[in-house]
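Take a look at the letters that make up each chain.
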Amino acid sequence: MSQYDIIVIGGGHNGLTTAAILAKKGKKVLVVEKRDVLGGIAAGEEFHPGYSTTGLLHDTSGVRTEAIKKLQLENHGLEFENARADVMLLSKDGKSINIQSDVDSTATAIKEFSEKDAGAYREYQAFIKKVGKVFDNLMDNPPPDIDVEHLTMASLVVLAKKGMLLKGLGNKTMMELLKVAPMCVADFLNEKFETDFLKAGLAAPALYGSYAGPWSAYSTINLLLWECASKSNVKGGPQALVDALQKAAEQAGVEIRTGAEVEKILLDNEGAVSGVRLKGGEEIHAKKVAASCTPKETFLNLFDDFEIEYELDYWIDKIRSRGTTAKVNLAINKSVQLNGKTVEYARTGNSFDEMEKAFDPVKYREVTGAPFLDIHIPTVSNPSLAPEGHSVVSILVHQIPYDFEAGWSADAKKQLGDDVLKELEIYSPGISSAVVGMEILTPADFEERYTLTEGHIFHGEHFVDQLVTRPIPSCARYTTPVSGLYLCGSGSHPGGGITCMPGYLGASMILK
Ligand SMILES: Cc1cc2nc3c(=O)[nH]c(=O)nc-3n(C[C@H](O)[C@H](O)[C@H](O)COP(=O)(O)OP(=O)(O)OC[C@H]3O[C@@H](n4cnc5c(N)ncnc54)[C@H](O)[C@@H]3O)c2cc1C
């Protein structure tokens, strides 16, 4: 007897989205979350007594309105900022450029360094605006069915519409998009700009979570995806989104169990899903299971050996998910300035050469002594995260390998913390002496705490092959070769990031 219509594995933001949408359509849904808190990577946590982050991540500007509207999250307290948050690009010689959502204001800031770059920035943003329509369409819809042996009229129409969208850009923009998409981000931006730290700072999001340096092929596509997807940030950060999703799910009747780890997906005699078994032995029955944990965790750890077909097992094993991001949270006993300014978001990078040099050691399972940093000081807008007058500095440290050859010992982690502080001192002299607490999380820690396979922040790398048929061709449209098993996490289209879209589109396919 099925106790539920659908069991959702994982209470991250995508699992909660799937559950809420299915329950709104009258399904009886259970969410089982391994950790004691909901939100997955998006959960806000106290890292030092009295000091908290709003989530492991910084940027909530990718949340898609499609899912938000469907779940009426604004009725559950979700609010957006008026525009994309300002980001300060920092140069090692003390200079900085504030990238704002307003293109003219940003161009004026850039003009201080280069008149040519100010004009190039306007052109760059005009190009992003034009191609944004194509990317929006890709983000907001399931990937087209490209199974040539079973093409239906409906899937041909979808494919034709995508082609028309590209054609609708006009010849000049379409040709430019086709030219630049496979380029490395360094070549792409070198064609446009001349100021090194501006180019490095603009390129940085293309490399976040990527096994890539600025001279890696196809990195431009990641930059375009990020630029086009990035709209307004969520007020209160990722935790605020999780709170609203939880309320929407509960109001729709979703049952949520935390501290409930699935150790096995159960199959019946026909090989179809029949439920899950939790750690401790409890079995819960349902004919459908939607997994929001990583595809590798789902197929390689939640089935017995030889239980799923060899080919599926083989290709899932081949998904590339080499984590390259670490996190350092600092508790600081004063207010913090970077290059002499109070800012909430900032990026370092300085030049393509320095970014590429930071990536080089990753290929040999080694760690750079000079990482580039994505800095968020959440206490600038939310002082309640720390004692009065104190600050939280949350830093995503890029190009830090999961499979560090020497191993992530306590000494290695301390060295990473020291290197980050050394780098930060360049922009905020004296900051080291104000540190009263520090948390260092390596990709190996992400795997242990958040069940992120190889510590990869997006449940699998965003490289062009893994974006087109994500995570693998036979699972690219949320269904899988295992009858009754669906995917609904960041390992599915349109990929990682706080978007709600894998959860939203996964739920739509389950309902179909
Ligand atoms: C350090 C870091 C920084 C990031 N920065 C950004 C950023 O700035 N902007 C951005 O948009 N994105 C960022 N990301 C990526 C983004 O956070 C993720 O892509 C997204 O949050 C994943 O959401 P999800 O719901 O798909 O999966 P998750 O949040 O990973 O949720 C999956 C859930 O499944 C649970 N689970 C796993 N196995 C089991 C099991 N066997 N039984 C029960 N439960 C299980 C896990 O505990 C987890 O709660 C970052 C990620 C990291 C790690």
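Please read all numbers here as calculations on a predicted model, not as lab measurements. Residues take numbers from 1 onward in each chain, read along the sequence in its written order. Restriction of local features to residues with pLDDT of at least 70 applies here, the model being predicted, together with a cutoff of 80 or more for giving and counting side-chain atom pairs; totals for whole chains, interfaces and linings are based on all residues.

### A few points about the overall build of the protein
The helix and strand labels rest on DSSP assignments: H or I over at least four residues marks a helix, E over at least two residues marks a strand, and numbering proceeds from the N terminus. Looking only at helices and strands, one finds 17 helices and 16 strands in the protein. Computation of the radius of gyration draws on C-alpha atoms, with the globule rule given as 2.2 Å multiplied by the number of residues to the power 0.38. Taken against the 2.2 N^0.38 rule, which gives 24 Å for 512 residues, the C-alpha radius of gyration of the protein at 22 Å falls within 12% of a compact globule. Taking the principal axes of its C-alpha atoms as reference, the protein extends roughly 65 × 60 × 45 Å. Residue burial in the protein is summarised as follows: out of 512 residues, 49% are buried. With C-beta atoms placed from the backbone, a contact is any residue pair whose C-beta atoms sit within 7 Å. Relative to all contacts within the protein whose residues are 6 or more apart in sequence, the contacts with residues 24 or more apart total 73%. Any residue whose C-beta has 12 or fewer other C-beta atoms within 10 Å is treated as exposed, any with 20 or more as buried, and any in between as partly exposed, C-beta atoms being built from the backbone.

### Side note on the domain arrangement of the protein
Interface size is often expressed as the accessible area that is lost when the parts come together. With domains assigned, the protein is organised as domain 1 (4–45 + 61–79 + 235–319 + 462–511), domain 2 (87–229) and domain 3 (325–401 + 405–441). Each domain's extent was defined by an automatic or database domain assignment. Centre-to-centre separation of domain 2 and domain 3, based on C-alpha positions: 26 Å. Facing 22 residues of domain 2, the contacting portion of domain 3 comprises 21 residues. Mapped by element, the contributors of at least two residues to the side of domain 2 that touches domain 3 are β5 (87–90) and α8 (196–207). The element best represented in the side of domain 2 that touches domain 3 is α8, accounting for seven residues. Here the nonpolar group is Ala, Val, Leu, Ile, Met, Phe, Trp, Tyr, Cys and Pro; Asp, Glu, Lys and Arg are the charged ones; every other residue, Gly included, is treated as polar. Tallied by class, residues from the side of domain 2 that touches domain 3 come to 13 nonpolar, six polar and three charged.

### Here we look at the site of the ligand
We call a residue near a molecule or strand when the C-beta position, derived from backbone atoms, sits within 6 Å of it. Around the ligand sit 38 residues in total, of which Gly-10, Gly-12, Gly-40, Leu-57 and Gly-497 are the nearest. Per-element tally for the shell around the ligand: the top contributor is helix α1 (residues 13–24), with three residues. Built from parts of two domains, the shell around the ligand gets at least three residues from each of domain 1 (4–45 + 61–79 + 235–319 + 462–511) and domain 3 (325–401 + 405–441).

### Describing the packing of helix α4 (residues 115–140) against helix α6 (residues 171–180)
Close contact between α4 and α6 brings their axes to 11 Å; oriented N to C, the two are set at 95°. Relative to α6, the element α4 lies roughly perpendicular. The residues of α6 that touch α4, namely those facing Phe-127, Lys-130 and Val-131, are Thr-173, Glu-176 and Leu-177. Its residues assigned to classes, the contact of α4 with α6 shows three nonpolar, one polar and two charged. Interaxial angle, 0 to 180 degrees, is taken between N-to-C directions of lines fitted to C-alpha atoms, where a helix line uses only the stretch in contact. An angle counts as roughly parallel when it lies under 35 degrees, as roughly antiparallel when it exceeds 145, as roughly perpendicular when it falls between 65 and 115, and as oblique in every other case.

### Description of the packing of α1 against helix α10 (residues 237–251)
Direction vectors running N to C along α1 and α10 enclose 25°, while the axes themselves pass 9 Å from each other. With respect to their mutual orientation, α1 and α10 come out roughly parallel. Crossing geometry of α1 relative to α10 is assigned as left-handed. Residues His-13, Leu-16, Thr-17, Ala-19, Ala-20 and Ala-23 of α1 lie in contact with α10, whose contacting residues are Leu-241, Val-242, Leu-245, Gln-246, Ala-248 and Ala-249. Left-handed describes a crossing whose near helix is turned anticlockwise from the far helix by less than a right angle; the clockwise case is right-handed.

### As for the pairing of strand β1 (residues 4–9)
Among the six residues of β1, five are classified as buried, and the element is accordingly described as predominantly covered. Strand pairing requires that DSSP identify at least two bridges connecting the strands. Bridging between β1 and strand β10 (residues 283–291) involves five bridges; their strand directions are parallel. For Ile-6, the partnering residue across the bridge sits in β10 and is Lys-288. When β1 meets strand β2 (residues 29–32), the two strands line up parallel, connected through four bridges. Its bridge partner being in β2, Ile-7 is matched across the sheet by Leu-30. Read as a crossover between parallel neighbours, the route from β1 over α1 to β2 is right-handed. Convention used here: a crossover is right-handed provided that the path from the first strand, over the helix, to the second strand proceeds clockwise when the strands point away from the viewer.

### Brief notes about the environment of Pro-471
Tracing the sequence through the fold places Pro-471 in the loop between α16 (464–468) and β16 (485–487). The spatial distance from the C-alpha of Pro-471 to the C-alpha of Gly-170 is 32 Å, given a sequence separation of 301 residues. The contacts of Pro-471, once residues within four sequence positions are left out, are Pro-295, Ile-319, Gly-460, Gln-466, Gly-491 and Ser-492.

### A word on the nonpolar core
With 146 residues, the main nonpolar core has Ile-7, Ala-19, Ala-20, Val-29, Ala-203, Leu-241 and Val-289 as its most contacted residues. If one sorts the elements of this core by residue count, α8 sits on top with eight residues. Those residues in contact with Val-29, other than ones at most four positions away along the chain, are Tyr-4, Asp-5, Ile-6, Val-8, Ala-19, Leu-22, Ala-23 and Val-254. Defined on buried residues, the nonpolar core groups Ala, Val, Leu, Ile, Met, Phe, Trp, Tyr and Cys residues joined through C-beta atoms within 7 Å.

### Focus: the sheet that holds strand β14 (residues 391–398)
Adjacent strands of a sheet pair through backbone hydrogen bonds, lying either parallel or antiparallel. Read across the sheet, seven strands follow the order β6-β5-β12-β13-β14-β11-β15 without closing on themselves; strand pairing throughout is mixed. The open sheet has two edge strands with one neighbour each: β6 (96–99) and β15 (435–441). Going across the sheet, the axis of each strand differs from the next one's by a mean of 20°, ignoring polarity. In terms of strand pairing, strand β11 (residues 325–332) meets β14 through eight bridges, oriented antiparallel. Residue pairing for β14: Ile-332 is matched across the bridge by Ser-391.

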